[in-house]
Amino acid sequence: MANIGIVIPAAGQGKRMGAGYNKQFLTLMGRPILAHTVGLFEESNAVSEIVIVGAEGDLSVIEELVHSQRFNKIVAICKGGVFRQDSVRAGVRALSTTIQRIVVHDGARPLLTLQAFHKFIDETQEYPAAIMGVAVKDTIKKIDIAGNVLETLPRELLRAVQTPQIFDRGILEDAHDRAASAGYYGTDDASLLEWMGHPVQMVEGMQENIKVTTPEDLWLAERILATRET
Ligand code: CTP
Ligand code: MG
């Protein structure tokens, strides 16, 4: 199967969670969020290497976690940057040169399933760049800075974007290098390709694949996992 390399950005501070430390060490069903996330790729036969990117002060805790969980596809635990984009760029560099297809997945998305991940890999095989997204449930309006409503966007053409995002290595590296030289920052990796004018394919994601961001998300994630285990 595919010789995919995974980059897991986990170098954030978890400010919106307000735990006082990196939210990825909080537990769900007794296991750290980051262990759930990495564990999925560890189990996948499509994955040959995993890089975890952590904040400098978290690196030793991540090393311990990798050790205690007996993960053996981790080729590097590297130091992240100020922005997520800097962290991903550092992670990509740490993958072996034999890896030509890369998946970026947030450390804070522990609810992706192996089935959904494999479906994603299958559906995106022919695209140099592809991402997961889900239909938005709310009506979304564009406003100006004063709060005046400018327009209602057509919901059928809107997607809430998730990770995993998959890329041919050359394209991803090129996008990160160019964005870094230009000082351009996007909120996900696909936006760097969009900025370059490179096509990105959207495929259907899973609603359960939430990013654990606030305390309510933690509660919801725990409930979803508990349901799966019964
Ligand atoms: N991330 C990263 N490096 C950064 C910032 C974020 O690797 N400099 C990672 C986070 O650890 C997380 C993912 O990118 O897995 C998505 O970011 P987010 O959910 O915003 O996490 P945090 O930045 O930690 O949270 P907050 O924005 O609330 O501080
Ligand atoms: Mg953040």
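Fair warning: this is a prediction, and the values are worked out from it, not measured in the lab.

Q: Just to check I follow, could you spell out the nonpolar core for this structure?
A: Here is a general trend for soluble globular proteins: nonpolar side chains tend to be buried in one another's company. Core analysis: the largest hydrophobic core is formed by 30 residues, its most contacted members being Ile-6, Leu-34, Phe-41, Ile-50, Ile-52 and Phe-117. Secondary-structure elements contributing two or more residues to this core are strand S1 (4-10), helix H1 (33-43), strand S4 (47-54), helix H2 (59-68), helix H4 (114-124) and strand S7 (129-135). It is H1 that provides the largest number of residues to this core, a total of 5 residues. Apart from residues no more than four positions distant in its own chain, Ile-52 is found in contact with Ile-8, Ala-10, Leu-34, Val-38, Ile-62, Val-66, Ile-74, Ala-76, Ile-77 and Cys-78.

Q: It is not clear to me how the sheet that holds S4 should be interpreted in this structure. Could you clarify?
A: Backbone hydrogen bonds hold the strands of a sheet together, and the pairing may be parallel or antiparallel. In spatial order, the strands read S5-S4-S1-S6-S10-S7-S11; together these 7 strands make up an open sheet with mixed pairing. The sheet is open, and its two borders are formed by strand S5 (74-79) and strand S11 (201-204), each paired with just one other strand. Strand-to-strand twist of the sheet, defined as the mean angle between neighbouring strand axes without regard to direction, takes the value 25°. Summarising the sheet, S1 and S4 pair through 7 bridges and their orientation is parallel. Opposite Ile-4, over in S4, you have Val-47 as the bridge partner.

Q: Explain the side chain of Thr-163 to me, please; I cannot follow it from the model alone.
A: Of note, Thr-163 is situated in strand S10 (residues 159-168). Within the local environment of Thr-163, its side chain forms a polar contact with the backbone nitrogen of Asp-106, the two atoms lying 3.0 Å apart. Residues in contact with Thr-163, not counting those within four places in the same chain, are Arg-84, Val-104, His-105, Asp-106, Arg-109, Met-132 and Asn-209.

Q: Explain the site of ligand 1 to me, please; I cannot follow it from the model alone.
A: In the neighbourhood of ligand 1, 19 residues make up the surrounding shell, with Ala-11, Gly-14, Lys-15, Ser-87 and Lys-211 lying closest. Contact between ligand 1 and Gly-12: an oxygen atom at 2.9 Å from a main-chain N or O atom of the residue. In this structure, a nitrogen atom belonging to ligand 1 sits 2.9 Å away from a main-chain N or O atom of Gly-81. With the chains in place, 87% of the 560 Å² that ligand 1 exposes on its own is no longer accessible. When atom positions are compared with the pocket grids, ligand 1 is found to occupy the largest pocket.

Q: Looking at this structure, how should I read the pattern of salt bridges?
A: Side chains that differ in charge, positive against negative, can pair when their charged atoms come close. Considering all chains together, one arrives at 9 salt bridges under this definition. Residue Arg-84 pairs with Asp-189 through a salt bridge whose shortest N-O separation is 3.0 Å. You can see Arg-84 sitting in helix H3 (residues 84-93) and its partner Asp-189 sitting in the loop between helix H5 (169-182) and helix H6 (190-196), a full 105 residues away along the chain. The exposure class of Arg-84 is partly exposed, given its relative accessible area of 26%. Arg-228 is paired through a salt bridge with Glu-208; the nearest N and O atoms lie 2.6 Å apart. In this pair, Arg-228 sits in helix H7 (residues 215-228) while Glu-208 sits in the loop between S11 and H7, placing the two residues 20 residues apart along the sequence.

Q: Can you walk me through the packing of aromatic side chains in this structure?
A: One pair of aromatic rings is described through two measures. These are the centre distance and the angle between the planes. Counting across every chain of the model gives 3 aromatic pairs. Relative to Tyr-185, the ring of Phe-83 lies with its centre 4.8 Å away and its plane at 50°, an arrangement referred to as tilted. Here the residue Phe-83 occupies a position in the loop between S5 and H3, and Tyr-185 occupies one in the loop between H5 and H6, the gap between them amounting to 102 residues. For Tyr-185, a relative accessible area of 42% puts it in the partly exposed group. Ring centres 4.6 Å apart and planes at 5° place the aromatic pair Tyr-184 and Trp-195 in the stacked group.

Q: Mind showing me how you'd approach the pairing of strand S6 (residues 101-104) here?
A: Consecutive residues of a regular strand have side chains that alternate between opposite faces of the sheet. Where burial is concerned, the two faces of S6 agree: the one with Arg-101 and Val-103 and the one with Ile-102 and Val-104 are both buried. Sheet topology note: the S1/S6 ladder contains 4 bridges and is parallel. Bridging from a neighbouring strand, Gly-5 pairs with Ile-102 of S6.

Q: It is not clear to me how H5 should be interpreted in this structure. Could you clarify?
A: For the α-helix, the turn length of 3.6 residues means that residues three or four positions removed from each other point alike. Compared with an ideal rise of 1.5 Å per residue, which puts 14 residues at 20 Å, H5 spans 20 Å between its outermost C-alpha atoms and is within 8% of the ideal. Of all the residues in H5, the buried ones are Arg-169, Ile-171, Leu-172, Ala-175, His-176 and Ala-179. In the core, the buried residues of H5 are packed alongside H3, S6, S10 and H6. Trailing H5 by a residue or two, Gly-183 shows a phi angle of about 70°, which is positive.

Conventions and cut-offs
- Residues numbered from 1 in each chain as written.
- Chains lettered and ligands numbered in written order.
- Predicted model: local features only at pLDDT ≥ 70, side-chain atom pairs only at ≥ 80, totals over all residues.
- Heavy atoms only, no water.
- Core = buried A, V, L, I, M, F, W, Y, C linked by side-chain atoms within 4.5 Å.
- Buried < 20%, exposed > 50% of the residue type's maximum accessible area, 1.4 Å probe, protein only.
- Helix = DSSP H or I, 4+ residues; strand = E, 2+ residues; numbered from the N terminus.
- Contact = heavy atoms within 4.5 Å.
- Pairing = 2+ DSSP bridges.
- Axes fitted to C-alpha atoms, helices over the stretch in contact; angles between N-to-C directions.
- Polar contact = N/O pair within 3.5 Å; in protein donor to acceptor, adjacent residues only side chain to side chain.
- Near = heavy atom within 4 Å.
- Areas by Shrake-Rupley, 256 points an atom, 1.4 Å probe, with all protein chains shown as cover.
- 1 Å grid on protein atoms, 1.4 Å probe; cavity = no way out; pocket = protein on both sides within 12 Å on 5 of 7 lines; lining within 4 Å.
- Sits in = over half its atoms within 2 Å of the grid points.
- Salt bridge = Lys/Arg side-chain N within 4 Å of Asp/Glu carboxyl O.
- Phe/Tyr/Trp six-rings, centres within 6.5 Å; stacked < 30°, edge-to-face > 60°.
- Expected span 1.5 Å × (residues − 1).

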